[in-house]
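Inside the fold
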Amino acid sequence: MLITHIKTAFRSLVKQKGFSIINILGLAIGLAGCLLILQFVSFELSYDKFHEDSENIFRVTYSKENKGVQSFHTVLTYAGVGPALKENFPEVIDYARLRPAAVLNSQSVITVGDNAYQEDRVFFADQSYLKMFSFKMIQGDPASALEQQFSAVITESIAKKYYGDEDPIGKTFKRGRTENYIVTGVVEDVPLNTHLKFDFLLSHNSLTAILGQNYNPNGMGTFHGHLYVKTQPGVTAELLSGKFPQFVDDFIWSAIRRQEGVELILWPMPLEDIHLNSSIEHEAEVNGSASTVTYLSIIAGLILFIAWINYVNLSTARAAERAREVGVRKVLGSFKSQLIGQFLIEASIMNLIAVSAALILVAISQTLFVEFGAAEMLSVPPWSNPIFWIVVGALWLLGVLASGLYPAFALSSFRPLTVLRGSFYGNKKGIWLKKVLVVFQFVASVSLLIGTAVVYFQIDHMRNMDLGVNIEQAIALKAPVLADSTYVSRIRSFKTELKRDPLISNVVVSGDVPGREINGATWYRRIEDSPDDGVYCLSTFSDQDFIEAMEINLLAGRNFKAEDTNQSVIINEEASRQFGFEEPQDAINKEITFAGGNGNFRMTILGVAENYHQLSPKVDYSPQIMRFAPFIRRYYIVKFNTSEDPGSSIRHVLQQSEANFKNIFPGNPFSYFFLDEEFEKQYQADQQFGDMFGIFSLLAIFVACLGLFGLAAHTVIQKTKEIGIRKVLGSSVTNILKTLSWEYIKLILISNLLAWPLIFYLMNTWLDSFVSRIAIDIWLFPAACFLVTFIALMTVSFHTIKAAKANPVKSLRYE
């Protein structure tokens, strides 16, 4: 019987080639789109879950509130928090601290023999770090590799980079000028699906020797680094949060001077939640977005449901043709269960062919992730994951049930006597279901169309808005890490030599650059205010050329001059407002000092700069203070002009910069980046979301139109005689087109009325996550309605016009 059903199913597919192709193509595209999105979503959701006890590990972060207003929230905590938590919380089994080796944004110069490189991913780690996290050790013992001072664990790639094919264990390297480390372990390269990636782990107890009296491993006064705690099974973030306030009172406020109105808060965040739900200060990298995963998952579901709806609609639309077949089978003795089995086997075969085609499309489309800025997913092919095949099998089974179950029951329910007499006209409930499903498709299509436009306009708004600072034609050089007492004269020579080049307009010495987080921050107050008052300000440093070269507008006062001191500052508009000055001019020549201090170190406000975006416009303006420091060793910004050949100009500027850098700062690696490209990285997650949203929304609309195309074709076939009669009675092609199209236009209008409030709410919710956001233009809604109506009419008209132009004699010859 099964063989007979399969043969019959294949005959049916071959007999109706057009509908079979439309069904298979729609299902294949829908499944491929869904699988591609699920591949992205599953990768995003997999972050840090490879650690053996990931569900019992929390990252502890720290925030400060002043009179109910949050001043900052950072991943950095005090060095002593971890040891105190382990000692006083029975829930905490162990802790691990991870301190960035870089001081602020400077880099570590690692030297092995004659090879020296600047390395960014260098951390001091507690001995417990490798025991708490499941990074695979290739060589060495995770329990003891970081036990001794100046021991180091490196990744496999770093071992290859510095030591080639030699055994790295026991080998040494130098960090900076004075720190010598011995390699005691090698780990596999850190997986891409972790929020904190490292190349070097240096023993944490080395800090005692490096920093001496400036470092207290149990201190509570200075920000230290990342803190992770491992808890007993079953401990929740809520339980820890409830106990942290008392801990803060007992161990932090007791170690530092309490400030009136200031609240210190420790926050536990589950390790598995960090990547998608954390975007606070000093993150190790730009994290993902839970909303992106949610919205893309919705699109994946919509694409799949639209494809399944197509199958249901086309299958039920062919009811009249299949009715006689069902009637004959029932007269010859077929049971309803046998007929249901027949139609489910047809759906199974159709879905199996579609799944096979979808897998081919997924394989071909893997390079799309490179275009989306998600190339890291290519390192984890979906085929190697058993869960992928389980999902494919589940989607096939769901597809069979979702697309085949209703048509199977509907078609097998026909009464043989009725259909064999030719009096079958279709079930009213079935017709209404078809209309409801078509409306759902159009609701999805209109929503996705408007959503795509809103996402595009918001990203375009962010990328093209006035940042208040000019980052174009600017190269940031990382300042030399290795320097001596001649550094001041060398930096002067470096600036002078570069400025001689006609293509180089300016050279700036700066502590921070636009597009990278300012790590320095502290509390400042006006000199006349109480020591307990203060404004939490980002603190950066620059020379006298920064304001002019970066084209930052001064609202009041003046720029730095070469003769100014480190007690000269320029504040931004937001800092001026929070300090209580009514107008920027009121701040000029006023004095500020560090909050909580005695006011001995006084700084004079020379100017007030207009607010500019240090980071993405998603982030609001923060109070910022720029202190005069013409010889700080952080970044050099080279501003340049271009000739008729921009590429040649950039190459020339880079060559001149590198040659002078290596000549004046020998022994230091030359490292650079373009400011505009660095700033663009902040838009990566949003751009990725926009690209994927747009591409997969268009796929969903295409699949919907594909179904509409097949449905219209079948509708025209069913109404061939009606069209012939209308032509004989004098109807024009236009009138026939209007009559047959009106049914779909009504459904489209209903769909728009349902889609508009839904997508308006969803997109407003998404836009609310941006500080600088667009307003949703009203014209988008009628525009989407018009476009969807136009596409639908073009789809329907192809068959309708063809039928309307046909000779009516052919359609009526058998009447």
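Residues numbered from 1 in each chain as written. Predicted model: local features only at pLDDT ≥ 70, side-chain atom pairs only at ≥ 80, totals over all residues. Heavy atoms only, no water.

What about the overall build of the protein?
Applicable threshold: To qualify as a helix, a DSSP run of H or I must reach at least 4 residues; to qualify as a strand, a run of E must reach at least 2; elements of each kind are numbered from the N terminus. Should any heavy atoms of two residues lie within 4.5 Å, those residues are counted as being in contact. Residue exposure ignores everything except the shown protein chains as possible cover, and the areas themselves are Shrake-Rupley values with a 1.4 Å probe.
For the protein, the count of helices and strands is 25 helices and 25 strands. In the protein, the share of contacts with a sequence separation of at least 24, taken over all contacts with a separation of at least 6, comes to 81%. With the model as given, the accessible surface of the protein reaches about 36,700 Å², and the carbon-plus-sulfur share is 57%.

Remarks on the pairing of strand 2 (residues 69-74)
Heads up, the condition is: Here the rule is simple: two strands pair whenever DSSP picks up at least two bridges between them.
Pairing of strand 1 (residues 57-66) with strand 2, which is carried by five bridges, proceeds in the antiparallel orientation. Paired with glutamate 65 across the bridge in strand 2 is glutamine 70. The antiparallel pairing of strand 1 with strand 2 creates a hairpin that spans two residues between the two strands, and lysine 67 there sits at a positive phi of about 55°.

Side note on the nonpolar core
Put simply, the test is: For this analysis, a nonpolar core means a set of buried residues of the types Ala, Val, Leu, Ile, Met, Phe, Trp, Tyr and Cys, connected via side-chain atoms within 4.5 Å. Each residue is placed in one exposure class: buried if its accessible area under a 1.4 Å probe, protein chains only, is under 20% of its type's maximum, exposed if it is over 50%, and partly exposed if it falls in between.
Counting residues in hydrophobic clusters, the biggest one holds 109 residues, and the most contacted among them are Ile37, Ile299, Phe546, Ile552, Ile637, Leu675 and Trp766. Non-local contacts of leucine 675, meaning those with residues more than four positions away in its chain, are made with Ile471, Ala474, Ala476, Val513, Pro514, Met550 and Ile637. In this structure, Tyr95, Leu227, Phe247 and Trp253 belong to the second largest nonpolar core, which totals 28 residues.

Side note on helix 7 (residues 237-252)
Condition: Fitting axes to the seven residues ending at a residue and to the seven starting there, one defines the bend at that residue as the angle between these axes.
At phenylalanine 244, helix 7 shows its strongest bend, of approximately 35°, with the proline proline 245 following within four residues. Among all positions of helix 7, only Ala237, Leu240, Phe244, Phe247, Val248 and Ile252 are buried. Buried-residue contacts for helix 7 involve strand 1, strand 3 (77-78), helix 3 (81-88), strand 13 (223-231) and strand 14 (262-270).

Quick notes on the pattern of salt bridges
Oppositely charged side chains can form a pair if their charged atoms are brought close together. Put simply, the rule reads: Each salt bridge in this description consists of a side-chain nitrogen of Lys or Arg and a carboxyl oxygen of Asp or Glu lying within 4 Å of one another.
For the coordinates displayed, the defined rule picks out 29 salt bridges. Glutamate 166 is paired through a salt bridge with lysine 171; the nearest N and O atoms lie 3.5 Å apart. As a salt-bridge pair, lysine 618 and aspartate 686 come within 3.6 Å of each other at their nearest N and O atoms. Taken as a pair, lysine 618 in the loop between strand 22 (603-609) and strand 23 (624-628) and aspartate 686 in helix 21 (residues 684-718) lie far apart in primary sequence, 68 residues in all. By relative accessible area, lysine 618 is classed as partly exposed at 30%. Residue aspartate 686 is classed as buried on the basis of its relative accessible area, which comes to 7%. One continuous salt-bridge network, built from bridges that share partners, spans Lys495, Lys499, Asp543 and Asp545.

Some remarks on the pairing of strand 10 (residues 172-175)
In strand 10, alternate side chains face the same way, and those of Phe173 and Arg175 are buried while those of Thr172 and Lys174 on the opposite face are not. Where strand 5 (residues 108-112) meets strand 10, two bridges bridge the pair, whose relative direction is antiparallel. Paired with threonine 111 across the two strands is lysine 174, which belongs to strand 10. Summarising the sheet, strand 10 and strand 11 (residues 179-187) pair through four bridges and their orientation is antiparallel. For phenylalanine 173, the partnering residue across the bridge sits in strand 11 and is tyrosine 181. Taking the residues that link successive antiparallel strands as the turn, the strand 10-strand 11 hairpin has three residues, and the phi of glycine 176 there is positive, at about 70°.

Thoughts on a nonpolar patch on the surface
Here is the rule we go by: The patch calculation keeps residues exceeding 30% relative accessible area without a salt bridge and links them within 9 Å when they carry like charges or within 5 Å when they are nonpolar (Val, Leu, Ile, Met, Phe, Trp, Tyr).
A surface patch of nonpolar side chains, amounting to about 420 Å² of accessible area, comprises Phe786, Leu787, Phe790 and Met794. Following the sequence through the fold, leucine 787 ends up in helix 24 (residues 780-805). The class of leucine 787 is partly exposed, set by a relative accessible area of 36%.

A closer look at the packing of aromatic side chains
Selection rule: Pairing of aromatic rings covers Phe, Tyr and Trp, the last through its six-membered ring, and needs centres within 6.5 Å; plane angles under 30 degrees mean stacked, over 60 mean edge-to-face, and all others mean tilted. Working rule: Lys NZ or Arg CZ, within 6 Å of ring centre, within 35 degrees of ring normal, means a charge sits over the ring.
What the rule picks out here adds up to 43 aromatic pairs. Here phenylalanine 670 and tyrosine 672 contribute two aromatic rings whose centre-to-centre distance is 5.8 Å and whose plane-to-plane angle is 35°, an arrangement assigned as tilted. Judged by its relative accessible area of 17%, phenylalanine 670 is buried. Through a chain of ring-to-ring contacts, three or more aromatic side chains come together here, namely Tyr487, Phe494, Tyr636, Phe661, Phe665, Phe670, Tyr672 and Phe674. One Lys or Arg, lysine 161, reaches over the ring of tyrosine 117 and ends 4.3 Å from the middle of that ring. A cation sits over an aromatic face here: lysine 243 above phenylalanine 89, 4.8 Å from the ring centre.

Here we look at unusual backbone geometry
Leaving glycine aside, a negative phi is the common case for residues, and trans is the common case for peptide bonds. The phi torsion at glutamine 473 lies on the positive side, around 50°, for a residue other than glycine. Structurally, glutamine 473 can be placed in the loop between helix 15 (428-464) and strand 15 (474-478). By relative accessible area, which is 34% here, glutamine 473 ends up partly exposed. Phi is positive for glutamate 551, which is not a glycine, with a value near 55°.

Here's the deal with the packing of helix 16 (residues 487-499) against helix 19 (residues 646-664)
The condition that has to hold: The axes are straight lines fitted to the C-alpha atoms, using for helices just the contacting stretch, and the angles between their N-to-C directions are given from 0 to 180°. Any angle between 65 and 115 degrees counts as roughly perpendicular, while under 35 counts as roughly parallel, over 145 as roughly antiparallel, and the rest as oblique. Less than a right angle of anticlockwise turn of the near helix away from the far helix marks a crossing as left-handed, whereas a clockwise turn marks it as right-handed. Charged residues are taken to be Asp, Glu, Lys and Arg, nonpolar residues to be Ala, Val, Leu, Ile, Met, Phe, Trp, Tyr, Cys and Pro, and polar residues to be all remaining types, Gly included.
Interaxial distance between helix 16 and helix 19 falls to 10 Å at its minimum, and their mutual angle equals 155°. Here helix 19 runs roughly antiparallel to helix 16, going by the angle between their axes. Helix 19 is crossed by helix 16, and the crossing has right-handed handedness. Residue-level inspection shows Arg490, Ser493, Phe494, Glu497 and Leu498 of helix 16 in contact with helix 19, the latter providing Gln656, Ser657, Asn660, Phe661 and Ile664. Of the residues assigned to the contact of helix 16 with helix 19, the class counts are four nonpolar, four polar and two charged.

Describing the side chain of serine 203
How we decide: A 3.5 Å cut-off defines polar contacts: any pair of N or O atoms within that distance qualifies, except that in protein one atom must be a possible hydrogen donor and the other a possible acceptor, and neighbouring residues in sequence count only when both atoms are side-chain atoms.
Note on placement: serine 203 falls in strand 12 (residues 200-203). Here glutamine 148 takes part through its backbone oxygen, which lies 3.0 Å from a polar atom of the side chain of serine 203. A polar side-chain atom of serine 203 sits 2.6 Å from a polar atom in the side chain of serine 206. Non-local contacts of serine 203, meaning those with residues more than four positions away in its chain, are made with Phe124, Ala125, Leu146, Gln148, Gln149, Phe150 and Ser151.

So, the packing of helix 22 (residues 720-728) against helix 23 (residues 733-767)
One way to put it is that helix 22 packs onto helix 23 with a least axis distance of 10 Å and a crossing angle of 145°. For the crossing formed where helix 22 meets helix 23, the hand is right-handed. Where helix 22 abuts helix 23, its residues Ile723, Arg726 and Lys727 lie against Ile736, Thr739 and Leu740. Taken together, the residues of the contact of helix 22 with helix 23 sort by class into three nonpolar, one polar and two charged.

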